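# Geometric and topological summary
In case you want the letters, here they are:
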Amino acid sequence: MNVLLAGANGQIGKHLVQLFKESNEHTVRAMVRKEEQAEELKQAGVEAVVADLEGSVEQLAEAAKGCDAIIFTAGSGGHTGLDKTLLIDLDGAVKTIEAAEQAGIKRFVMVSALGAHNRDNWNEAIRPYYAAKHYADRMLEASGLTYTIVRPGGLLNEPGTGKVAMAENLTRAAIPREDVARTVLAVLDEQKTYNRSFDLVSGDTVIEEAVKGI
Ligand SMILES: NC(=O)c1ccc[n+]([C@@H]2O[C@H](COP(=O)([O-])OP(=O)(O)OC[C@H]3O[C@@H](n4cnc5c(N)ncnc54)[C@H](OP(=O)(O)O)[C@@H]3O)[C@@H](O)[C@H]2O)c1
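The text that follows walks through the structure, step by step, so that each part is easy to find. (Residues numbered from 1 in each chain as written. Predicted model: local features only at pLDDT ≥ 70, side-chain atom pairs only at ≥ 80, totals over all residues. Heavy atoms only, no water.)

### A few points about the packing of aromatic side chains
The test is simple: The pairing test for Phe, Tyr and Trp rings, Trp by its six-membered ring, is centres within 6.5 Å, and the orientation test on the planes gives stacked under 30 degrees, edge-to-face over 60, and tilted for anything in between. Partly exposed residues are those whose accessible area sits between 20% and 50% of the maximum for their type, while under 20% is buried and over 50% is exposed, using a 1.4 Å probe and protein chains only.
In total, this model carries 2 aromatic pairs according to the counting rule given. When the ring of tryptophan 122 is compared with that of tyrosine 130, the centres are 6.5 Å apart and the planes differ by 25°; the resulting orientation is stacked. With respect to burial, tryptophan 122 and tyrosine 130 carry one shared label: buried. Aromatic pair tyrosine 129 and tyrosine 130: ring centres 5.5 Å apart, planes at 80°, arrangement edge-to-face. On the basis of relative accessible area, tyrosine 129 is assigned to the partly exposed category, the value being 27%. The exposure class assigned to tyrosine 130 is buried, which follows from its relative accessible area of 5%. Among the aromatic residues, those joined into a ring-pair cluster are Trp122, Tyr129 and Tyr130.

### Describing the pattern of salt bridges
Cut-off, in case you're wondering: When a carboxyl oxygen of Asp or Glu is within 4 Å of a side-chain nitrogen of Lys or Arg, the pair counts as a salt bridge. Helix and strand assignments follow DSSP, with helices taken as H or I runs no shorter than four residues and strands as E runs no shorter than two, numbered in order from the N terminus.
The final tally for this structure, using the stated rule, is 7 salt bridges. Between arginine 29 and glutamate 47 there is a salt bridge, with the nearest N and O atoms lying 2.8 Å from each other. Pair noted here: arginine 29 is in strand E2 (residues 27-32) and glutamate 47 is in strand E3 (residues 47-50), with a separation of 18 residues, a long-range link. For arginine 29, a relative accessible area of 12% translates into the label buried. A salt bridge links glutamate 54 to lysine 84; the nearest nitrogen and oxygen atoms lie 2.8 Å apart. Of this pair, glutamate 54 sits in the loop between E3 and helix H3 (57-64) while lysine 84 sits in helix H4 (residues 82-102), and the two are 30 residues apart along the sequence. Judged by relative accessible area, which is 27%, lysine 84 ranks as partly exposed.

### Brief notes about the site of the ligand
Rules: In this text, near means that some heavy atom of the residue lies within 4 Å of the molecule or strand in question. The definition of a polar contact used here is a pair of N or O atoms within 3.5 Å, where within protein one atom must be able to donate a hydrogen and the other to accept one, and adjacent residues in sequence count solely through side-chain atom pairs. The method works on a 1 Å grid over the protein atoms by themselves. A cavity is a set of points holding a 1.4 Å probe that cannot get out, a pocket is an open set with protein on both sides within 12 Å along at least five of seven lines, and residues with an atom within 4 Å of a point line them. More than half of a molecule's atoms within 2 Å of the grid points is what it takes for that molecule to sit in a cavity or pocket. Just so you know the grouping, Ala, Val, Leu, Ile, Met, Phe, Trp, Tyr, Cys and Pro go in nonpolar, Asp, Glu, Lys and Arg go in charged, and all remaining residues, Gly too, go in polar.
For the ligand, the set of nearby residues contains 24 residues, the closest of which are Asn9, Ile12, Asp52, Ala74 and Tyr129. Measuring from an oxygen atom of the ligand, one finds a backbone N or O atom of glycine 75 at 3.2 Å. The site holding the ligand turns out to be the largest pocket. Contributing elements (two or more residues each) for the shell around the ligand: helix H1 (11-22), helix H5 (127-142) and strand E7 (154-156). Counted by class, the shell around the ligand contains 10 nonpolar, 9 polar and 5 charged residues.

As structure tokens, this is what we get:
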């Protein structure tokens, strides 16, 4: 598959770009919001496109044109205000879903957050963030796209273990970003994960086995 990666300059995004470079099956078009980020990727031999999640659906559809799938791993981050939570984590995600529809792309993988589907589990300190994730995920589930929603726990920058736990409901725990990226790549064309949503934390099962067993 040729995949548009929204959030390619992010921490999970960078792991994914590297994994795509090593992949014999899939190729990536890295979507970033600054020319210099695109230049750096191109210098490293990666196809890159500049598009802003605060831009129009048409611009996002143009960026995605010709791709077979979209991975969304963008986010406004903890350093911005609730305006960006609304505009990136919710509306940016939904516009990317609309762009997939407009560009005729059926496959969509969303990086969400553990427990986003269940209001009772939302972290009190960041409920608006969870609300944004919740409704972006619901819009994807209600779309006609073939989706997989991966809801990781707290993200760590330590090296991946290659082993995870995934299920519809898990207790809050952490996971290295590298393992999230590996899982996202593994679900891409694994039909067992089509139209499924699951929590993801570090665990005992090898990622490739876990995605087949979901
Ligand atoms: N932190 C956690 O513990 C946690 C837990 C569960 C899930 N998550 C979710 O995991 C995902 C990825 O996490 P991460 O650590 O890789 O995030 P990250 O490093 O903050 O990366 C987010 C990326 O989104 C991009 N972005 C932001 N606004 C944009 C815009 N307007 N247009 C285009 N791109 C834009 C950023 O671009 P720039 O590089 O240009 O700034 C950045 O590259 C996020 O969706 C996050 O909500 C996080």
